[in-house]
Amino acid sequence: MSSTDVMVSRAHRIATVARSVRLVPALTAVPLALALTACGGVHGTPGGSGVRDPYFPKAGNGGYDVTHYGLRLAYDPDAHHLTGTATLTARATKALSAFNLDLLGLKVGKVTVGGETARWNRAGQELTVRPGEDIDRDETFRVTVRYSGAPETVTDPDGSQEGWLRTTDGALALGEPTGSTAWFPGNHHPSDKASYDLTVTVPRGLRAVSNGELRSERTARGRTTFVWRTAEPMASYLATLAIGDFGISRSTARDGLPVYTAVDPAEKEGSRAVLARIPEVLRWAERRFGPYPFSSTGAIVDRAADIGYALETQSRPVFPGAPGMTLLVHELAHQWYGDSVTPESWRDMWLNEGFATYAEWLWEEDHGGETAQETFDRLYDHGEKTYEDLWSFPPANPVDPAHISGAPVYQRGAMVLHKIRRTVGDEAFGDILRGWAADRRHGNADTADFTAYVEKQAPGKDFDGIWEDWLYGEGKPERA
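Nothing here was measured: the structure is a model prediction, and the numbers come from that model. (Residues numbered from 1 in each chain as written. Predicted model: local features only at pLDDT ≥ 70, side-chain atom pairs only at ≥ 80, totals over all residues. Heavy atoms only, no water.)

1. Quick notes on the UniProt feature "domain: Peptidase M1 membrane alanine aminopeptidase" (unreviewed entry) in the protein
The feature "domain: Peptidase M1 membrane alanine aminopeptidase" (unreviewed entry), as given by UniProt, occupies residues 326-470 in the numbering adopted here. Measuring from the first to the last C-alpha atom of residues 326-470 gives 25 Å, for a span that is 62% helix and 4% strand. (UniProt positions renumbered as here; feature names shortened; annotations may be inferred. Helix = DSSP H or I, 4+ residues; strand = E, 2+ residues; numbered from the N terminus.)

2. A word on the confidence of the model for the protein
Taken as a whole, the protein shows an average pLDDT of 92; of its residues, 91% reach a score of 70 or greater. Note on residues 3-42: pLDDT is under 50 here. Beyond four places in sequence and across chains, it has 99 contacts. (pLDDT = per-residue confidence, 0-100. Contact = heavy atoms within 4.5 Å.)

3. Some points on the side chain of Thr-261
Note on placement: Thr-261 falls in strand S19 (residues 258-263). Sequence-distant contacts of Thr-261, that is, excluding residues within four places in its chain, are made with Gly-247, Ile-248, Ser-249, Leu-275, Ile-278, Gly-298 and Ala-299.

4. Quick notes on the pairing of strand S16 (residues 223-235)
On a regular strand, one side chain projects to one face of the sheet and the next to the other, so that they alternate. Pairing geometry for strand S13 (residues 193-203) and S16, over ten bridges, is antiparallel. Note on S16: the bridge partner recorded for Val-202 is Thr-224. For strand S15 (residues 213-220) and S16, the ladder comprises seven bridges, and the chain directions are antiparallel. Paired with Thr-219 across the strands is Thr-224, a residue of S16. (Pairing = 2+ DSSP bridges.)

5. Comments concerning the sheet that holds S13
Here we have eight strands laid out as an open sheet, ordered S6-S5-S9-S3-S2-S13-S16-S15, and mixed in their pairing. Among the strands making up the open sheet, the edge pair consists of strand S6 (116-117) and S15.

6. A few points about the packing of aromatic side chains
A complete count under the given rule lists 30 aromatic pairs for this structure. Relative to Phe-450, the ring of Phe-355 lies with its centre 5.4 Å away and its plane at 80 degrees, an arrangement referred to as edge-to-face. Placement of the pair is Phe-355 in helix H5 (residues 350-366) and Phe-450 in helix H9 (residues 447-457), with a sequence separation of 95 residues. Residue classification places Phe-450 among the buried residues on the basis of a relative accessible area of 1%. Relative to Trp-467, the ring of Phe-463 lies with its centre 5.5 Å away and its plane at 20 degrees, an arrangement referred to as stacked. For Phe-463, a relative accessible area of 1% corresponds to the buried category. Taken together, Trp-284, Phe-289, Tyr-292, Phe-294, Trp-336, Tyr-337, Trp-350, Phe-355, Trp-363, Trp-436, Phe-450 and Tyr-453 form an aromatic cluster joined through their ring pairs. (Phe/Tyr/Trp six-rings, centres within 6.5 Å; stacked < 30°, edge-to-face > 60°. Buried < 20%, exposed > 50% of the residue type's maximum accessible area, 1.4 Å probe, protein only.)

7. As for the pairing of strand S8 (residues 126-130)
The buried fraction of S8 is high, at five of five residues. Burial of the side chains of S8 extends over both faces: Glu-126, Thr-128 and Arg-130 are buried on one face and Leu-127 and Val-129 on the other. Summarising the sheet, strand S4 (residues 96-102) and S8 pair through four bridges and their orientation is antiparallel. For Asn-100, the partnering residue across the bridge sits in S8 and is Thr-128. Relative to S8, strand S7 (residues 119-123) runs antiparallel, the two being bridged by five bridges. From the neighbouring strand, Arg-122 faces S8, where its bridge partner is Leu-127. Linking S7 to S8, which pair antiparallel, is a turn of two residues; within it Gly-124 sits at a positive phi near 65 degrees.

8. A few points about helix H7 (residues 407-424)
For H7, with 18 residues, the first-to-last C-alpha span of 25 Å sits near the 26 Å given by 1.5 Å per residue. Counting buried positions along H7 gives 16 out of 18 residues, so the element sits mostly inside the fold. Once H7 ends, the next one or two residues include Gly-425, with phi positive near 95 degrees. (Expected span 1.5 Å × (residues − 1).)

9. Overview of the sheet that holds S8
Strand order in the open sheet formed by four strands is S1-S4-S8-S7, and the pairing between neighbours is mixed. In this open sheet, the two edge strands, each paired with only one partner strand, are strand S1 (45-46) and S7.

10. Side note on a negative patch on the surface
Together, Glu-455, Asp-462, Asp-464, Glu-468, Asp-469 and Glu-478 make up a negatively charged patch on the protein surface. The biggest single contributor to the negative patch is helix H10 (residues 464-471), with three residues. The topology assignment puts Asp-469 in helix H10. (Patch = residues over 30% accessible without salt bridge, like charges linked within 9 Å, V, L, I, M, F, W, Y side chains within 5 Å. Areas by Shrake-Rupley, 256 points an atom, 1.4 Å probe, with all protein chains shown as cover. Salt bridge = Lys/Arg side-chain N within 4 Å of Asp/Glu carboxyl O. Lys, Arg positive; Asp, Glu negative; His and termini not counted. Charge placed at Lys NZ, Arg CZ, Asp CG, Glu CD.)

11. Describing unusual backbone geometry
The omega angle of the peptide bond from Glu-176 to Pro-177 is 0 degrees, so this bond is cis rather than trans. Within the secondary structure, Pro-177 is located in the loop between strand S12 (171-174) and S13. Unlike most non-glycine residues, Asp-138 shows phi in positive territory, near 70 degrees. Turning to its location among the elements, Asp-138 is positioned in the loop between S8 and strand S9 (140-149). Phi at Arg-221 is positive, roughly 50 degrees, even though this residue is not glycine. Along the chain, the position of Arg-221 falls in the loop between S15 and S16.

12. Observations regarding the environment of Gly-222
Looking at the secondary structure, you find Gly-222 in the loop between S15 and S16. Accessibility expressed as a relative area gives 40% for Gly-222, which makes it partly exposed. The spacing of Gly-222 and Gly-205 is 17 residues in sequence and 8.7 Å in space, taken between C-alpha atoms.

13. Quick notes on the pattern of salt bridges
Using the criterion set out here, one finds 19 salt bridges in the structure. Among the ionic pairs, Arg-130 bridges to Asp-134, the shortest N-O distance being 3.4 Å. For Arg-130, a relative accessible area of 2% puts it in the buried group. For the salt bridge of Glu-370 with Arg-378, the shortest nitrogen-to-oxygen distance reads 2.8 Å. The exposure class assigned to Glu-370 is partly exposed, which follows from its relative accessible area of 30%. Members of the salt-bridge network, linked through shared partners, are Arg-288, Glu-365, Asp-366, Arg-421 and Asp-426.

This is the structure:
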């Protein structure tokens, strides 16, 4: 997300299974204790109902790693009804007698593991699955969930809305930090990334736009089916689905990189000029950050009244109305920092937002605007006039879930990067930006990984003051 515009930024508003699986009759609403003790000779243990994220402890699940999501969806906007079949391919990281999936609200019809019916039960957003046979450690397995219902809109701790947002002409699914639980079951934490195949059927005349590449589009019996593929690993919060009356533009950027944009007709005129500059921004960003990490790019522009913020959804960021250049730069920079290099936990949000905000500073510096030093000085001297909470907590340690998109994460996070630049010099800093994106490409990282990386790249420099005062320190640091 971008920190630039108060009106659009949340920051300012606040393997196929190789084993045979025994057939077990399907039982709905089975008590958890029964689900976990029904079979004798259990050698596995239940997977955890969360990964102990410091801000969202129930997000994600333990005991397995998802490698692929196969989602088949159908949505009727008039009835506000979603029907889905989700097939997850995963690898067990421990021997499992049961495991959890995150799914909010929607009604579950059937669950299978390896093609065999599995027991399951619900408790809040936790869907606990008990396969007919235990799953061995390092075993690859497939779980399929059939579900349906009216997907929910989620209100975050900071007051913003995500999940499944009904729009004027359809719907928009946004997932940061936990909204993806509202439209498909999965391991919904940024630490577990996977590839995606998404097949979506909607009423004829509407379009369904998602991440990655459009593989096919076909219309029959009054409905159109779109097939999208995201081959590179993606965190679930970066998955999106926009359904509506969009105008579509297809073009290419450097080396034939596909550019696919979807724009609500009401935003067409205001968006045309800035979206035409996507190839220009990518050329600039590749010089600054290294090779673009995905196989396509583009944007989704929906009506501003239907959504309240921009989001860096992978390969195709979402904008609330026609974006300005700074906002475009911010969300495209996230493709390197946040989407390709994804935070290990929500405490590491500044590794997304501090980098994308600093990208704004670099764009201005490289295009005749303020230098990054001038931006830093202005923020240091007068920043609290614009961002009341600028010095209220350190960027690497937001006070609670409501503040993971707060101004310190964005602005003070960018100031940390500028302090590093001043310490190592421009050339070495450029190497750090490009090297960090390459070193953690398509992976995850936390703050300790980043500080260790910087220290390794500049072994003769002292970063203790930056880490202690600017990254983790309370209050306004001394300027020096």
